[in-house]
Amino acid sequence: MRVDIVTIFPEFFSVLDVSLLGRARARGVLEVVVHDLRDFTHDRHRTVDDTPYGGGAGMVMRPEPWGEALDAVLEGDAGDPPPLVVFPTPAGRIFTQAIARDLSRERRLVFACGRYEGIDERVVRYAAAGARGAERGLGDYVLTGCEVAAMAMIEAAGRLVPGVLGNPLSLAEESHEEGLLEYPSYTKPASWRGLDVPGVLLSGDHGAIAAWRREQQLERTRRVRPDLIADAAAEASASAP
């Protein structure tokens with residue numbers, strides 16, 4: 001997979017050189033290229049924003065540098081399907097594990113990192129016409145810029161790309177993979193500061209361990225994210241004959 005990132009803060013993404021994604025990049029499993037949006041401006045101040053039409057607080061990112069940046073990033077790409085251009089935004093569809101898995105199957109992703117009051121809406125429409133565009137948000141809150149959201153999405157999708165994780169089986173029982181949260185995990189020592197590991201995990205009874213872990217998933221999900229239980233029930237009801 002190749003990931004292109006367009007941003008006014010390219011140094012933000014230096015963190016991609018460390019940990020699992022850094023090793024994946026070194027092995028050629030994942031290619032990441034960061035582009036500075038200001039390189040596509042033509043004035044002395046390298047201006048990327050202006051006041052919004054209709055009035056209001058804040059500034060809006062201008063379409064001209066974004067258009068040139070996307071043209072340059074997508075130039076010569078004859079892939080089928082075309083690259084997916086992701087616009088991180090709190091106004092987009094909420095990013096989920098299922099969406100991360102869909103992104104991990106893409107041949108090429110382009111992340112357009114907006115700032116201020118966002119990117120001129122025409123850029124989103126232009127990207128959708130020339131390639132494929134998608135607006136995605138991390139949750140019901142607002143960040144100062146889209147770099148943090150893009151980084152989260154890249155890591156969530158990138159770790160699912162075959163060859164990135166050393167042990168792909170570790171993906172099977174993670175939170176949200178089956179619509180439930182992950183069960184709690186323990187390691188040595190068996191007793192620590194008066195707190196003991198649940199006895200079933202020390203029993204060697206794999207059937208009992210599997211049942212305990214499943215019950216822990218259900219209990220944690222009911223307690224922390226009851227909406228996931230409701231969603232699963234609704235899906236089951238809708239698919240019933």
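See above for the structure.
Residues numbered from 1 in each chain as written. Predicted model: local features only at pLDDT ≥ 70, side-chain atom pairs only at ≥ 80, totals over all residues. Heavy atoms only, no water.

(A) Layout of the overall build of the protein. Regarding its fold elements, the protein presents 7 helices and 9 strands. Residues classed as buried in the protein amount to 37% of the 241 residues present. Taking contacts inside the protein between residues at least 6 apart in sequence as the whole, the part at least 24 apart equals 74%. As displayed, the protein offers around 14,000 Å² of accessible surface, 54% of which is attributable to carbon and sulfur atoms. Computing the positive centroid from 27 side-chain charges and the negative centroid from 36, the protein places the two 4 Å apart. (Helix = DSSP H or I, 4+ residues; strand = E, 2+ residues; numbered from the N terminus. Buried < 20%, exposed > 50% of the residue type's maximum accessible area, 1.4 Å probe, protein only. Contact = heavy atoms within 4.5 Å. Areas by Shrake-Rupley, 256 points an atom, 1.4 Å probe, with all protein chains shown as cover. Lys, Arg positive; Asp, Glu negative; His and termini not counted. Charge placed at Lys NZ, Arg CZ, Asp CG, Glu CD.)

(B) Broad picture of the nonpolar core. In terms of nonpolar packing, the biggest core is built from 30 residues, with Val3, Ile5, Phe13, Leu16, Leu103, Phe111 and Ile154 touching the most fellow members. Of all the elements in the fold, those that place two or more residues in this core are strand E1 (2-7), helix H1 (19-27), strand E5 (84-94), helix H3 (97-104), strand E6 (108-112) and helix H5 (147-158). By size, the runner-up hydrophobic cluster in this structure holds 19 residues, among which are Val48, Leu70, Val85 and Val110. (Core = buried A, V, L, I, M, F, W, Y, C linked by side-chain atoms within 4.5 Å.)

(C) Fine view of unusual backbone geometry. Omega for the peptide link from aspartate 80 to proline 81 comes to 5 degrees, which places this bond in the cis form. Secondary-structure assignment places proline 81 in the loop between helix H2 (63-74) and E5. In the segment running from lysine 188 into proline 189, the intervening peptide bond is cis, with an omega of 5 degrees. The topology assignment puts proline 189 in the loop between H5 and strand E8 (191-192). Even without glycine at this site, serine 19 takes up a positive phi of about 65 degrees. A residue is classified by how much of its surface remains accessible, and serine 19, at 52% relative accessible area, is exposed.

(D) Quick look at the environment of aspartate 49. As for its placement among the helices and strands, aspartate 49 is situated in strand E3 (residues 49-50). Judged by its relative accessible area of 18%, aspartate 49 is buried. Other than its neighbours up to four places away in sequence, aspartate 49 contacts Met59, Val60, Met61, Arg62 and Tyr116.

(E) Just the side chain of glutamate 106, in detail. The residue glutamate 106 is located in the loop between H3 and E6 in this model. Only 2.5 Å separates the side chain of glutamate 106 from the side chain of arginine 132, close enough to count as a polar contact. Leave out the neighbours within four places in its chain, and glutamate 106 touches Met1, Leu84 and Arg132. (Polar contact = N/O pair within 3.5 Å; in protein donor to acceptor, adjacent residues only side chain to side chain.)

(F) Summary view of the side chain of arginine 136. Turning to its location among the elements, arginine 136 is positioned in strand E7 (residues 132-137). Although arginine 136 is buried, it forms no salt bridge, and the closest oppositely charged side chain is aspartate 102 at an N-O distance of 7.1 Å. Look past the residues within four positions of arginine 136 in its chain and what remains in contact with it is Val86, Phe87, Pro88, Thr89, Gly92, Arg93, Ile99 and Met153. (Salt bridge = Lys/Arg side-chain N within 4 Å of Asp/Glu carboxyl O.)

(G) The arrangement of the pairing of strand E2 (residues 31-36) in detail. In this sheet, E2 lies alongside E1 in parallel orientation, the contact comprising 6 bridges. Bridging across to E2, threonine 7 finds its partner in aspartate 36. Read as a crossover between parallel neighbours, the route from E1 over H1 to E2 is right-handed. (Pairing = 2+ DSSP bridges. Right-handed = clockwise from strand over helix to strand, strands pointing away.)

(H) Region of interest: the pattern of salt bridges. Taken as a whole, this structure holds 17 salt bridges when the rule is applied. The closest approach of N and O atoms between arginine 107 and aspartate 77, which form a salt bridge, is 2.8 Å. On the criterion of sequence distance, the pair formed by arginine 107 in the loop between H3 and E6 and aspartate 77 in the loop between H2 and E5 is long-range, its members being 30 residues apart. Connected via shared salt-bridge partners are Arg2, Asp4, Glu31, Asp77, Arg107 and Arg108.

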